[in-house]
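# A closer look at the structure
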Amino acid sequence: MPEKLRTILAIRFSAMGDVAMTIPVMQQVLEQNPGIQIVFVSNRNWGALCAGIPRLIFFPADLKGAHKGFKGLYRLFREISKAHKIDAVADLHHVLRSQIVRSFFRLSGRKVAAIDKGRAEKKALARPEEKILIPLTSTIERYAAVFRQLGLSVTIYPKQPVFGRQELTAAIQEVTGPKNGDKWIGLAPFATYKEKTYPLAKMEEVLAALVKKKQTKVLLMGGGAAEVTQLTTLAVKYPEAIIVAGRFRLPEEMAIISNMDTMISMDSANMHLASLFGVPVVSVWGATHPFAGFMGFGQTEDNAVQLESLSCRPCSIFGNKPCFRGDHACMEWIPPTAITEKVTKVVGES
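First, a word on scope: everything that follows refers to the structure included in this document. What you see as residue numbers is a count from 1 along each chain, following the sequence as written. Since the coordinates come from a predicted model, pLDDT governs what is reported: local features require at least 70, and pairs of side-chain atoms require 80 or more to be given and counted, while whole-chain, interface and lining totals use all residues. As a convention, hydrogens and water are excluded, and side-chain values are obtained from all of the structure's heavy atoms.

## Observations concerning the overall build of the protein chain
Operational definition: Put simply, DSSP marks the helices as runs of H or I at least four residues long and the strands as runs of E at least two long, and each gets a number from the N terminus on. When we talk radius of gyration, it's over C-alpha atoms, and the globule rule is simply 2.2 Å times the number of residues to the 0.38. Partly exposed residues are those whose accessible area sits between 20% and 50% of the maximum for their type, while under 20% is buried and over 50% is exposed, using a 1.4 Å probe and protein chains only. Contacts are residue-level and defined by heavy atoms, with any inter-residue pair within 4.5 Å sufficient. Only the protein chains shown count as cover for residues, with accessible areas throughout obtained via the Shrake-Rupley method and a probe of 1.4 Å. The positive count covers Lys and Arg only, the negative count covers Asp and Glu only, and His and the chain ends enter neither. We put the charge of a Lys on NZ, of an Arg on CZ, of an Asp on CG and of a Glu on CD.
Scanning the protein chain from N- to C-terminus turns up twelve helices and eleven strands. The C-alpha radius of gyration computed for the protein chain amounts to 21 Å, which stays within 12% of the reference 20 Å derived for 350 residues, consistent with globular compactness. In the protein chain, buried positions account for 55% of the 350 residues. In the protein chain, 66% of the contacts between residues at least 6 apart in sequence involve partners at least 24 apart. On the protein chain, roughly 15,800 Å² of surface is accessible, and the fraction owed to carbon and sulfur atoms is 54%. The distance from the centre of the 44 positive side-chain charges to the centre of the 31 negative ones in the protein chain is 7 Å.

Here it is, written out as structure tokens:
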């Protein structure tokens, strides 16, 4: 009989972008440690991120329903324990909810390791005065370090995409048309916070320039009714652009992204989704900074658009603090041509 696999429980709740950053780490942990399997517990909507990775088992958490609160988290612990014999726990989140779940396993005798978020050095990076402006350990490496604490060998190879190009179904091609020899540019102009979002009027100038390129399709990405409404308004002005936002489920959106030649994204989830497929990302940074460690997996800072000379940057690690200047200079002062020039560098002239 084959040797029984050691089972590691990995925990990462929260937003899709944060969860997407765990995927290349877990894939490489599994490839380099054939004697283990990983049960990954996360938001129930993100299961598609794990699809097709051998020995990565997705376990959905309903944190607003059945698994809400202390009793719900205990229920989650019991459900995981019933379905899988967990040998150790990798807490990739290190917040109250994940601490509660991992504590249940620790009390039942399991070895537990948790991420070091580097809060002190991040605070020094983002403080208003006397910043220590140096690149910090990437979040990818912080995730890998958790598995090393559990005795696993992990070396991250950032140039190895997690997934290959996926097939465009007939339903997708009814919206996008076939790929053929066209260059596909994803345009994801939104982020959770204003401080991480390039002004839409300026992004419209970027779109106006891109739709003029020959043999090029611009695919508008976003989520939620408000974003879809704004993208629809843009598409009326620029009918050459194609709205993907709000028309597909996550698996189909991932297939579309896998066929892109580049993605324009804020410091947000679409950067991390594109990174899973090795799609180069022209990322736009305002209040946040690549030095904080959230650059997409395998992405190069050469493709980042940012005002490096603005001394107040970064003023926040996550972009959730209001601009203390009040003028959002970190985004407002970036000319649209800075973005289009980066895109041209990636996909070439047309």
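## A few points about helix H8 (residues 225-237)
For clarity, the threshold we go by: An expected span of 1.5 Å times one less than the residue number is assigned to each helix. In this context, the arc is that of the directions from the helix axis out to the C-beta atoms.
Over its 13 residues, H8 extends 19 Å from the first C-alpha to the last, a length consistent with the 18 Å expected when each residue adds 1.5 Å. Within the span of H8, buried status applies to Leu231, Leu234 and Ala235. The arc enclosing the buried residues of H8, seen along the axis, measures out at 100°, which places them on a common side. Turned more than 90 degrees off the buried face of H8, the exposed positions are Ala225, Ala226, Thr229, Val236 and Lys237. Turning to H8, the residues buried within the fold contact helix H7 (200-210), strand E7 (216-220) and strand E8 (242-243).

## What to know about the sheet that holds strand E2 (residues 36-43)
What holds strands together in a sheet is hydrogen bonding between their backbones, with the strands either parallel or antiparallel. We apply this condition: Pairing between two strands requires that DSSP report at least two bridges joining them. To obtain an axis, a line is fitted to C-alpha atoms, over the contacting stretch when the element is a helix, and the angle between two such axes runs from 0 to 180 degrees between their N-to-C directions.
Reading across the sheet, the five strands line up as E3-E2-E1-E4-E5 and stay open at both edges, with parallel pairing between neighbours. Every interior strand has two partners, whereas the edge strands, strand E3 (56-61) and strand E5 (111-114), have only one. Neighbour-to-neighbour, the strand axes of this sheet turn through a mean angle of 20°, independent of strand direction. Pairing geometry for E2 and E3, over six bridges, is parallel. Along E3, the bridge assignment pairs serine 42 with proline 60. The strands that helix H1 (residues 16-32) touches are strand E1 (6-11), E2 and E3; relative to E2, the one it contacts most, it runs at about 170°. Along the sheet, helix H5 (residues 139-149) contacts E1, E2, strand E4 (88-91) and E5; its crossing angle with E5, the most-contacted strand, is approximately 160°.

## Quick look at the side chain of serine 265
We count it as follows: Any pair of N or O atoms that falls within 3.5 Å is considered a polar contact. Within protein, one atom must be able to donate a hydrogen and the other to accept it, and sequence-neighbouring residues count only if both atoms are side-chain atoms.
Here serine 265 shows up in strand E9 (residues 262-266). Within the local environment of serine 265, its side chain forms a polar contact with the backbone nitrogen of methionine 271, the two atoms lying 3.2 Å apart. Non-local contacts of serine 265, meaning those with residues more than four positions away in its chain, are made with Ala188, Asn270, Met271, Val281, Val282, Ser283 and Val284.

## Some remarks on the pairing of E1
Cut-off, in case you're wondering: Here the term right-handed applies to a crossover when the path leading from its first strand over the helix to its second strand runs clockwise, the strands being oriented away from the viewer.
Counting buried residues along E1, five of its six residues qualify, which places the element largely inside the surrounding structure. Pairing analysis gives six bridges linking E1 to E2, with the strands arranged parallel. Paired with leucine 9 across the strands is valine 39, a residue of E2. In terms of handedness, the path from E1 via H1 over to E2 forms a crossover that is right-handed.

## Some remarks on the side chain of asparagine 259
Inspection of the secondary structure puts asparagine 259 in the loop between helix H9 (250-258) and E9. The buried category is assigned to asparagine 259, whose relative accessible area is 5%. From its side chain, asparagine 259 meets the backbone oxygen of alanine 255 in a polar contact 2.9 Å long. If we ignore the near neighbours within four places in the chain, the residues touching asparagine 259 are Arg165, Gln166, Leu168, Lys179 and Trp184.

## A short note on unusual backbone geometry
Between arginine 313 and the following residue, proline 314, the backbone shows a cis peptide bond with an omega angle of -15°. Located in the positive-phi region is asparagine 180, a residue other than glycine, with phi close to 50°. Checked against the element boundaries, asparagine 180 lands in the loop between helix H6 (170-176) and strand E6 (183-188).

## Considerations on the pattern of salt bridges
Where charged atoms from two side chains of opposite charge approach closely, those side chains can pair. We count it as follows: Within this document, salt bridges are pairs made up of a side-chain nitrogen of Lys or Arg and a carboxyl oxygen of Asp or Glu, the two lying within 4 Å of each other.
The final tally for this structure, using the stated rule, is eleven salt bridges. Across the salt bridge formed by aspartate 62 and arginine 44, the nearest N and O atoms sit 3.6 Å from each other. Of this pair, aspartate 62 sits in the loop between E3 and helix H2 (69-83) while arginine 44 is found in the loop between E2 and E3, placing the two residues 18 residues apart along the sequence. Note that glutamate 204 is salt-bridged to lysine 237, the shortest N-O span being 3.4 Å. With glutamate 204 in helix H7 and lysine 237 in helix H8, this residue pair connects regions lying 33 residues apart in the sequence.

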